[in-house]
Amino acid sequence: MQQGRFVARTIAGDLAGRPRKPFVYADKGQLATIGRSRAIVEIGRLRFAGLFAWLLWIVVHIYYLTGFENRLLVVIQWAWSYLSFRRGARLIVGKSWRFYDPPRDGAP
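These numbers were taken from a predicted model, which means no experiment stands behind them. Residue numbering note: each chain is counted from 1, following its sequence as written. Totals for whole chains, interfaces and linings use every residue, but because this is a predicted model, local features are given only for residues with pLDDT of at least 70 and side-chain atom pairs only at 80 or more, for both listing and counting. In computing side-chain values, all of the structure's heavy atoms are included and hydrogens and water are not.

This part covers the pairing of strand 3 (residues 46-50). Summarising the sheet, strand 2 (residues 38-43) and strand 3 pair through five bridges and their orientation is antiparallel. For Glu42, the partnering residue across the bridge sits in strand 3 and is Arg47. Only when DSSP finds a minimum of two bridges between them are two strands counted as paired. Where helices and strands are cited, they refer to DSSP runs of H or I of at least four residues and of E of at least two residues respectively, numbered from the N terminus. Between the antiparallel neighbours strand 2 and strand 3 lie two residues, among them Gly44 with a positive phi of about 65°.

Below is the structure:
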C-alpha cells in the first residue's frame, strides 16, 4: 500500500515536472494469527500474544478493507466461521478436472 501511494505520487510529480524522491518503507509491525482466538503482535518494541492480539488482528484487517459493504460482509463471514466452527474452502484448482475411471469387468 505504501509503495502504491508512492508510485501514484511519483507519477503525478513527473507529470507536474517535480523531481523524484526515494521510496522509504515505514515498518508498521507484524500481526499473525496462530490459532482460534490467538495471535501474536509485534509493533516496534511492543510484543504480545493471545486474545487481545487476535482482536487487534481482526480490527486492523477490517480497517484496511475498502468500503463499508466489504467490511460488513467480511465481519459477517468471519463471525459465522468462528461461531459455527467451519472453515471456508481454501482451494487453488486448475480449470480442467481429470477423473480416474476404474476399469470395469477386469479390463485394463
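On we go.
Here we come to the environment of Gln2. Residue position: Gln2 is located in helix 1 (residues 2-16). Using a relative accessible area of 17% as the deciding quantity, one classes Gln2 as buried. Separated by 22 residues in the primary sequence, Gln2 and Val24 have C-alpha atoms spaced 8.9 Å apart. The contact rule is simple, with two residues in contact once any of their heavy atoms fall within 4.5 Å. Setting aside residues no more than four positions away along its own chain, Gln2 makes contact with Phe23, Val24, Tyr25, Ala26 and Lys28. Burial status follows relative accessibility: with a 1.4 Å probe on protein chains alone, a residue under 20% of its type maximum counts as buried, one over 50% as exposed, and anything between as partly exposed.

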